[in-house]
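Here is what each chain is made of, one letter per residue.
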Amino acid sequence: MRGIRSGSIDLIYLDPPFNSKHDYAAPIGSKAAGAAFKDTWSLSDIDKEWWGEISESHPALYKLLDAVQHVGGKSMMAYAIYMAVRIIEMHRILKPTGSIYLHCDTTAGHYLKLLMDSVFGAANYRNSITWQRTNPHNDAGRYGRISDVLLFYKKGNHVWNTQYTELSDKTRAMYRHKDGRGVYRGLPLTAESLSGGGYRYEYHGHDRVWRRPRESMMQLERDGLVHLPKRDGGLPEKKLYLSDAKGVPVQDIWTDIRPALGRERVGYPTQKPLALLERIISASSNPGDVVFDPFCGCATACLAAEKLGRRWIGIDISELAARLIKSRMLDAARAKDGEQETIDRFTVGAGQIIHRTDIPRQHVQRDPCIKNKLYGVQEGVCKGCTKHFEIRHMHVDHEIPKAKGGQDDDGNLQLLCGSCNTIKGTKTMAELKARLRELGILPER
Ligand SMILES: C[S@@+](CC[C@H](N)C(=O)[O-])C[C@H]1O[C@@H](n2cnc3c(N)ncnc32)[C@H](O)[C@@H]1O
């Protein structure tokens, strides 16, 4: 993720390990055979530099993680640190119009909610979507656990396309009238059941409070959109044609998406259904946008993005996941004759898919005035020892060292005085600060 440019991604979906204390393996004989990942956590899984980075750059998050240890124990804290460093990166690479969906379950979901609130801001929280992922069953001593949770956050003024589910048979049965334009149902035109005002007048022999003024009502009638009941006493109603009914807007409990089954199923542990990702991608991105899944597994999000005309990036620690992406994409596209294919680069439809195992480097043109700009932003103060220096004694430094995947973009550049710059070398800020404390240059915390 460090190789991805800041503010370049439109939608992130992540389905990370859940801290389930299980190790997952794909069944032998399935397309995914050999795929495995562990989901047990201890502090030895954590790079202590991450911990240091968080303490320097996100003090509130640091305190939160400390609290996680007290409540959830060391394993939960290790998992939370692992997730926190990644959530910080996701926030960096997401566009201001972007959205993020964090797929989890109730094992660690409440801790993850706090991490997300801390990094994305509680005000940017949109929903906790409950997805019924399996059929009812008996769980000893508790209610059956059949759902996952998707934490949905935005970053700013986000893309949103309301999604609709199909009308139920019960609702369809309400469309029982027909005219030359098609099948329709009647919707109330009176305002009596509504709070607030209305317009009182007599209309077709009914002295009532109506939802629209008389002239607007007459126009509706001229447009052929008023249903006049034949039976005595029946009130005029507004026609809603079945062909115009979009369906029911999707709510925050999803029970209509079944697990991946049949031909869709490749056997990858924890494979998610395409329909789930298609809903998320359709709601929170537009064609041509970039969808990113940092734990992409067998590429369900990538495939859904491809089908919906979005560009996509997937990352997975497992080499097998990368191979599965390729085979799923090619299966889906039914590779045409003459398509060029090599192991690392192949085409599907109009697009080209590139498989790489190195950390991509951003090709950023360094702003020639960056030193002056940073000097202004930092008001001449070194980010290490916090002392004031003249600009000629300052050096442009990579906050996250290049050796650790830090990039050349402005967000990763800072000014250090000559001596802090020498001490830091390829170390992290946390290591520099620790050294400055040892030397007595910075006070103890
Ligand atoms: C729950 S699965 C994702 C399943 C995926 N949504 C799908 O539909 O196939 C989690 C994935 O995270 C990957 N993973 C675990 N640790 C990782 C890490 N540090 N970086 C990237 N991927 C990792 C695992 O290999 C696994 O494929």
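Trainee: How would you sum up the overall build of the protein chain? Please name residues and give values.
Mentor: Within the protein chain one finds 11 helices and 21 strands. Expressed along its principal axes, the backbone C-alpha trace of the protein chain runs to roughly 95 × 60 × 55 Å. Out of the 445 residues belonging to the protein chain, those deemed buried represent 43%. Across the protein chain, contacts joining residues at least 24 apart in sequence account for 61% of those joining residues at least 6 apart. Here the protein chain has roughly 23,900 Å² of accessible surface; of this, 52% comes from carbon and sulfur atoms.

Trainee: So, the site of the ligand: which residues are in play, and what are the values?
Mentor: Around the ligand, a shell composed of 18 residues is seen, among which Asp 15, Tyr 268, Thr 270, Thr 300 and Asp 316 lie nearest. Between the ligand and Tyr 82, the relevant distance is 2.9 Å, taken from a nitrogen atom to a side-chain nitrogen or oxygen of the residue. Separating a nitrogen atom of the ligand from a backbone N or O atom of Ile 317 is a distance of 3.1 Å. Relative to its free-state accessible area of 600 Å², the ligand is covered by the protein chains to the extent of 93%.

Trainee: Tell me what's going on with helix H7 (residues 300–307), and back it up with residues and numbers.
Mentor: Burial runs high along H7: six of the eight residues are buried. Along H7, the residues classified as buried are Thr 300, Ala 301, Cys 302, Leu 303, Ala 304 and Ala 305. Looking at the residues trailing H7, positive phi occurs at Gly 309, about 75°.

Trainee: Describe the sheet that holds strand S1 (residues 9–14), and please don't skip the residues or the numbers.
Mentor: Spatially, seven strands are ordered S15-S5-S6-S4-S1-S16-S17 in an open sheet, and the strand pairing comes out mixed. Every interior strand has two partners, whereas the edge strands, strand S15 (253–254) and strand S17 (311–314), have only one. Two strands pair when backbone bridges link them, and S1 and strand S16 (residues 290–293) are joined in this way by two bridges, in the parallel orientation. Counterpart to Ile 12 in the pairing with S16 is Phe 292. Lying over the sheet, helix H2 (residues 59–93) contacts S1, strand S4 (94–104) and S16, oriented at roughly 150° with respect to S4. Its contacts with the sheet put helix H6 (residues 274–284) on S1, S4, strand S5 (125–132), strand S6 (147–154), S15 and S16, and the angle it makes with S1 is roughly 155°.

Trainee: Residues and numbers for the nonpolar core, please.
Mentor: Grouped together as the largest cluster of nonpolar side chains are 42 residues, with contacts concentrated most on Ile 12, Ile 100 and Leu 115. Elements that contribute at least two residues to this core include exactly S1, helix H1 (48–57), H2, S4, helix H3 (109–120), S6 and S16. Contacts of Ile 12, omitting those with residues within four sequence positions, involve Met 90, Ile 93, Leu 94, Ser 99, Ile 100, Tyr 101, Phe 292 and Pro 294. Membership of the second largest hydrophobic core comes to 27 residues, among which are Tyr 101, Phe 152, Ala 299 and Met 329.

Trainee: Give a description of the environment of Lys 154 that names residues and reports values.
Mentor: For Lys 154, the location among the structural elements is in strand S6. Assessed through its relative accessible area of 14%, Lys 154 is described here as buried. Separated by 12 residues in the primary sequence, Lys 154 and Arg 142 place their C-alpha atoms 34 Å from one another. Those residues in contact with Lys 154, other than ones at most four positions away along the chain, are Gly 98, Ser 99, Phe 120, Asn 124 and Arg 126. For Lys 154, the side chain forms a polar contact with the side chain of Asn 124, separated by 2.8 Å. A polar contact of 3.2 Å, which involves the side chain of Lys 154, links it to the backbone oxygen of Gly 156.

Trainee: Got a sec to walk through the domain arrangement of the protein chain? Specific residues and values, please.
Mentor: By domain assignment, the protein chain separates into domain 1 (9–164 + 249–354), domain 2 (167–244) and domain 3 (370–438). In this structure, domain 2 and domain 3 have C-alpha centres spaced 69 Å apart.

Trainee: Break down the side chain of Asp 15 for me, with residues and values.
Mentor: Structurally, the position occupied by Asp 15 is in the loop between S1 and strand S2 (23–25). At 2.9 Å, the side chain of Asp 15 forms a polar contact with the side chain of Lys 272. Leaving out residues up to four positions away in the same chain, Asp 15 has contacts with His 103, Thr 270, Lys 272, Asp 293 and Phe 295.

Trainee: I'd love a proper account of the packing of aromatic side chains, names of residues and values included.
Mentor: Applying the stated rule across the entire model yields 12 aromatic pairs. Between Trp 41 and Tyr 82, the aromatic rings sit 4.3 Å apart at their centres with planes inclined by 50°, giving tilted as the arrangement. Taken as a pair, Trp 41 in the loop between strand S3 (36–38) and H1 and Tyr 82 in helix H2 lie far apart in primary sequence, 41 residues in all. We note that Trp 41, like Tyr 82, is buried. Consider the rings of Phe 120 and Tyr 153, whose centres lie 6.2 Å apart with planes at 45°: the pair is tilted. Pair noted here: Phe 120 is in helix H3 and Tyr 153 is in strand S6, with a separation of 33 residues, a long-range link.

Trainee: Pulling in residues and values, what's your account of the sheet that holds strand S13 (residues 237–241)?
Mentor: Reading across the sheet, the four strands line up as S8-S9-S13-S12 and stay open at both edges, with antiparallel pairing between neighbours. Among the strands making up the open sheet, the edge pair consists of strand S8 (177–179) and strand S12 (226–227). Sheet topology places S12 next to S13; two bridges connect them, and they run antiparallel. Note on S13: the bridge partner recorded for His 227 is Glu 237.

Criteria and thresholds
- Residues numbered from 1 in each chain as written.
- Predicted model: local features only at pLDDT ≥ 70, side-chain atom pairs only at ≥ 80, totals over all residues.
- Heavy atoms only, no water.
- Helix = DSSP H or I, 4+ residues; strand = E, 2+ residues; numbered from the N terminus.
- Buried < 20%, exposed > 50% of the residue type's maximum accessible area, 1.4 Å probe, protein only.
- Contact = heavy atoms within 4.5 Å.
- Areas by Shrake-Rupley, 256 points an atom, 1.4 Å probe, with all protein chains shown as cover.
- Near = heavy atom within 4 Å.
- Polar contact = N/O pair within 3.5 Å; in protein donor to acceptor, adjacent residues only side chain to side chain.
- Pairing = 2+ DSSP bridges.
- Axes fitted to C-alpha atoms, helices over the stretch in contact; angles between N-to-C directions.
- Core = buried A, V, L, I, M, F, W, Y, C linked by side-chain atoms within 4.5 Å.
- Domains from an automatic or database assignment.
- Phe/Tyr/Trp six-rings, centres within 6.5 Å; stacked < 30°, edge-to-face > 60°.

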